[in-house]
Amino acid sequence: MSSSDPDSRLLLLMRHGKAESGSGQPDHERALAEKGLTQAQLVGEYLTAQNVQVSQVLVSDAQRTTQTWEAVASAMPGFDGEVSFHEEIYTGGAADLLALLHGVDRHLPVVLVVGHEPTISTLASALAGEDSDAGSIAQARIGMPTGSVAVLSGALGSWEELEEESLTLHTIVRP
């Protein structure tokens, strides 16, 4: 999606790929497992196949989310958007992530967030309006599997207008 409609927004909320078990290391430094790298590459391939032109990427500063984004990007050769890393995606909750999204430039129509549970599923569920896919809402309420992406869209004049039930949750892509 690279819509010419200035009020059209696409939000992709992704849970990081499958990570290695803790093994005594700090949670923030856990790396992706091989399965997680594959999941992330499949998401990148999916976005490319769907002609999604991501304009802004917000990534948790944890190692597994950074690696997830790098693997997604490796499968998106035409990516030329902006990328930023945020501690608050790792340490905060859905309200913190929503506040970050409110700060996205109004001219950037497609945003990808790479974060953690339960924040990703909580926000996806909260943003989903009444026209959303019932099965996807149910999945978001249960929790999102590793590597999965919630696909939401709607008509918003700016990201500052993003609020509960303001988007349509179309699907949750499970690589």
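Residues numbered from 1 in each chain as written. Predicted model: local features only at pLDDT ≥ 70, side-chain atom pairs only at ≥ 80, totals over all residues. Heavy atoms only, no water.

A. Geometry of the pattern of salt bridges. Per the stated rule, a full pass over the model turns up two salt bridges. Asp-27 is paired through a salt bridge with Arg-30; the nearest N and O atoms lie 3.0 Å apart. Salt-bridge contacts for Asp-27 lead to Arg-64; the nearest nitrogen and oxygen are separated by 3.0 Å. A residue pair is termed long-range when its members are at least 10 positions apart, and Asp-27 in the loop between strand S1 (8–15) and helix H1 (34–49) and Arg-64 in helix H2 (residues 63–74) qualify at 37 residues. Given a relative accessible area of 5%, Arg-64 falls into the buried group. One salt-bridge network, in which partners are shared between bridges, spans Asp-27, Arg-30 and Arg-64. (Salt bridge = Lys/Arg side-chain N within 4 Å of Asp/Glu carboxyl O. Helix = DSSP H or I, 4+ residues; strand = E, 2+ residues; numbered from the N terminus. Buried < 20%, exposed > 50% of the residue type's maximum accessible area, 1.4 Å probe, protein only.)

B. Fine view of the nonpolar core. Of all hydrophobic cores here, the largest spans 28 residues; its most connected members are Leu-11, Leu-13, Leu-101, Val-113 and Leu-162. Of all the secondary structure elements, the ones that give two or more residues to this core are S1, helix H4 (94–102), strand S4 (110–115), helix H5 (119–127), helix H6 (134–142), strand S5 (149–155) and strand S6 (168–173). Those residues in contact with Leu-101 that sit more than four places away from it in its chain are Leu-11, Leu-58, Val-111, Val-113, Leu-123, Trp-159 and Leu-162. Listed in part, the 20 residues of the second largest apolar core include Leu-12, Ala-71, Val-72 and Val-110. (Core = buried A, V, L, I, M, F, W, Y, C linked by side-chain atoms within 4.5 Å. Contact = heavy atoms within 4.5 Å.)

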